[in-house]
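Structure assessment
What follows is the residue order along each chain.
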Amino acid sequence: MRSRERSAWRYLDSLELWLMKPGLERIRAVLEELGRPEKNFLSVLVGGTNGKGSVVAYLDSVLREAGFRVGRYTSPHLVSPRERIALNGRLIAPGAFAGVLLDVRDAAGLARSPTGRRGAEASYFEVLTAAAFLYFARRKVDVAVVEVGMGGDWDATNVLGSPLVSVMTNVELDHTRRLGKTRAVIARTKAGIARAGRPLLAGPMTPSAERSVRKVCARVGARLVSVPRVCTLREGKGGNFSARVLGKNFSGLRLGLTGAHQRENAATALAALALARKRLPWSAAALRRGFARARIRGRLERAAGRPATYLDGAHNPSGARALAAFLATRAERPRVLVVAVGREKNAEAMLRAWKRVAEGIVATEVPGHKFFRARHLARLARRVGLPALTTLAGKPCLYAEPSPLRALRRARLLAGREGLVCVAGSLFLVGEILKPKAFRKSP
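Described in the following lines is the structure provided in the data block. Remember, it's a predicted structure, so these values are computed and weren't measured experimentally.

About the cut-offs
- Residues numbered from 1 in each chain as written.
- Predicted model: local features only at pLDDT ≥ 70, side-chain atom pairs only at ≥ 80, totals over all residues.
- Heavy atoms only, no water.
- Helix = DSSP H or I, 4+ residues; strand = E, 2+ residues; numbered from the N terminus.
- Buried < 20%, exposed > 50% of the residue type's maximum accessible area, 1.4 Å probe, protein only.
- Arc of directions from axis to C-beta.
- Contact = heavy atoms within 4.5 Å.
- Patch = residues over 30% accessible without salt bridge, like charges linked within 9 Å, V, L, I, M, F, W, Y side chains within 5 Å.
- Areas by Shrake-Rupley, 256 points an atom, 1.4 Å probe, with all protein chains shown as cover.
- Salt bridge = Lys/Arg side-chain N within 4 Å of Asp/Glu carboxyl O.
- Lys, Arg positive; Asp, Glu negative; His and termini not counted.
- Charge placed at Lys NZ, Arg CZ, Asp CG, Glu CD.
- Pairing = 2+ DSSP bridges.
- Axes fitted to C-alpha atoms, helices over the stretch in contact; angles between N-to-C directions.
- Expected span 1.5 Å × (residues − 1).
- Phe/Tyr/Trp six-rings, centres within 6.5 Å; stacked < 30°, edge-to-face > 60°.
- Lys NZ or Arg CZ within 6 Å of the ring centre and 35° of its normal.
- Left-handed = near helix turned anticlockwise from the far one by under 90°.
- Nonpolar A, V, L, I, M, F, W, Y, C, P; charged D, E, K, R; others polar.

Bringing unusual backbone geometry into the picture now. In this structure, the amide linkage connecting S75 to the following residue, P76, adopts the cis form with an omega of -5°. On the secondary structure map, P76 appears in the loop between strand 2 (70–73) and strand 3 (85–87). Here the bond from R333 into P334 is cis, since omega is -5°, no more than 30 degrees from zero. In this fold, P334 is placed in the loop between helix 12 (317–327) and strand 14 (335–339). Within the chain, L246 stands out as a residue other than glycine whose phi angle is a positive 50°. The topology assignment puts L246 in the loop between strand 10 (241–245) and strand 11 (248–253).

This is the structure in structure tokens:
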């Protein structure tokens, strides 16, 4: 590794990954020093609770198939921070990543903080967001598809001045310590990505959440567009489906991402594409290819080998229910879960969602992160009645194993070659599993 790359990684590693700094003052100051790179490209901003990454994947894929030069910014990463920044489907190169990081570091040192002193003290997420926008500007992307990190109005990505479309996938109870304890309060924060004179596209939500969103749109002058009201999907033959959006019909669609819940994400992406079509024209052929070729890691990702092993970032009760619906369709038995859950999450509700679809669980944790201890999670699983069986192939089927890799190995032995293993509860857990080459050999 070259010295410049080492310097960039040392700088990034010096920042606290989990530190949250609400407000846009710091990133605005840094971007000002960089010459306002975020003003050099069109953008689509995707917020909400669940499905953000999948919607971004569909948008990115379709727009690339339509011939556009597309930047993609997502979070969190699984193994390397470079995963967050991509151009035309390719991750930013190590040298380019180091270059923009060091330029952001220098800009942060020159920028004035909210108190007026030099040094903006930007957070980990703000630094990566500024680096992404700088990279996209330098590489002259036509459009950037940007995933909101957390919340909306105070998220660093919200520095984008005028997205063609702002998207709210849905509103669920997640990050309640930071965002609020009700859907109405969370919706108000997430709707902060709305812009005057632009559409705010919203997926299905409760009446209280929708009222909050409508109030925000009325205040800022945004136009609220409901996905269920403008886009409908119809099942076809052989796994295909058709769609009608804003009066236009499209047939022969097939999704590259797994799970019935992906239809809802695809509908959201299609509605966003339709709203942006005047500035970002695309064809029915590009839509079909883009949907079919969309990929995202850690969302019902099938790993190689036997038993059948899936990696899914379901990290809240809504995501857990979507995963349970998928597992219920699988014929493999037994089904064993490898689970780690962050301490701020509703672990009990997640475990209850999996109670009827799993015969076993191996509870684990993610080192260096704020997660429930494996033993605590195992006790909680026993309390909610998961697993339903007391033994699995003659062995106890409730385990606590702090090491994610050892937890996976134990789950695969319990499941056997004809069973199914699913790693779930956190994208950070999925990242820990992907770091080693855990799937080179079947049990």
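Next comes the rest of the account.
Taken together, the buried positions of helix 13 (residues 347–354) are A347, M350, L351, A353 and W354. Along the axis of helix 13, the buried positions cluster into a sector of 155°, meaning they face one direction only. On its buried face, helix 13 is in contact with helix 12, strand 14, strand 15 (360–363), helix 14 (374–384) and strand 19 (420–424).

Next up on the list: the environment of A107. Here A107 is to be found in helix 4 (residues 94–110). Accessibility expressed as a relative area gives 4% for A107, which makes it buried. Between the C-alpha atom of A107 and that of E32, which follows or precedes it by 75 residues, the distance is 8.5 Å.

The next subject is a positive patch on the surface. Among the surface-exposed residues, R188, R211, K215 and R219 lie close enough to one another that they form a single positively charged patch. Note that R188 resides in helix 7 (residues 183–190).

Let us look at the sheet that holds strand 19. In sheet architecture, strand pairing relies on hydrogen bonds along the backbone and comes in two forms, parallel and antiparallel. Across the sheet, six strands lie side by side as 12-13-19-14-15-18; this open sheet has mixed pairing. Only two strands of the sheet have a single partner each, and these edge strands are strand 12 (301–303) and strand 18 (398–400). Taking the axes of each pair of neighbouring strands and ignoring which way they run, one obtains an average angle of 20° across the sheet. Strand direction decides the pairing type here: strand 14 and strand 19, joined by five bridges, are parallel.

With that out of the way, let us pick up helix 8 (residues 207–220). Over its 14 residues, helix 8 extends 20 Å from the first C-alpha to the last, a length consistent with the 20 Å expected when each residue adds 1.5 Å. For helix 8, every residue scored as buried is listed here: A209, S212, V213, V216 and C217. Along the axis of helix 8, the buried positions cluster into a sector of 135°, meaning they face one direction only. Those residues of helix 8 that are exposed and aimed more than 90 degrees away from the buried face are P207, R211, K215, A218 and R219. For helix 8, the secondary structure elements touched by its buried residues are strand 6 (165–168), helix 7, strand 7 (199–202) and strand 8 (223–226). Positive backbone phi, at 85°, marks G221, one or two positions downstream of helix 8.

Let us now look at the sheet that holds strand 4 (residues 90–91). One open sheet holds the eight strands; their spatial order is 4-3-2-5-1-6-7-8, and the pairing between them is mixed. Single-partner strands in this sheet number two, and they are strand 4 and strand 8. By the bridge criterion, four bridges tie strand 1 (residues 42–47) to strand 6 in an arrangement that is parallel. Following the sheet pairing, V46 is matched in strand 6 by V167. The strands touched by helix 10 (residues 262–275) are strand 6, strand 7 and strand 8; relative to strand 7, the strand with the most contacts, the crossing angle is about 165°.

This part covers the pairing of strand 14. Burial runs high along strand 14: five of the five residues are buried. Here strand 14 shows two buried faces, one formed by R335, L337 and V339 and the other by V336 and V338. Two elements, strand 14 and strand 15, share four bridges in a ladder whose sense is parallel. The residue bridging V338 from the neighbouring strand is V362, located in strand 15.

The subject of this paragraph is the packing of aromatic side chains. Working definition: an aromatic ring pair is given by the centre-to-centre distance plus the angle between the planes. This model, assessed by the stated rule, comprises nine aromatic pairs. When the centroid spacing of 6.2 Å and the interplanar angle of 50° are considered together, the rings of Y135 and F136 count as tilted. The exposure class of Y135 is buried, given its relative accessible area of 7%. Through successive ring pairs, a cluster of aromatic residues spans F41, Y73, F125, F133, Y135 and F136. For the cation-ring pair, R277 lies above W282, with the distance from its terminal atom to the ring centre recorded as 3.9 Å.

Before going further, it helps to examine the packing of helix 4 against helix 5 (residues 124–138). Viewed as axis vectors pointing N to C, helix 4 and helix 5 meet at an angle of 115°, and their least axial separation amounts to 9 Å. The interaxial crossing formed by helix 4 with helix 5 has right-handed handedness. Contacts from A96, F97, V100, L101, D103 and V104 of helix 4 reach helix 5 at V127, L128, A130, A131, L134, Y135 and R138. In the contact of helix 4 with helix 5, the residues fall into 11 nonpolar, no polar and two charged.

The final tally for this structure, using the stated rule, is 21 salt bridges. One salt bridge connects E359 with R333, and the closest N-O pair in it is separated by 4.0 Å. Here the residue E359 occupies a position in the loop between helix 13 and strand 15, and R333 occupies one in the loop between helix 12 and strand 14, the gap between them amounting to 26 residues. One salt bridge connects R352 with E348, and the closest N-O pair in it is separated by 3.0 Å. A residue pair is termed a helical-turn pair when its members lie 3 or 4 positions apart in one helix, as R352 and E348 do in helix 13 at four residues. On the basis of relative accessible area, E348 is assigned to the partly exposed category, the value being 29%. One salt-bridge network, held together by shared partners, links E32, R36 and E38.

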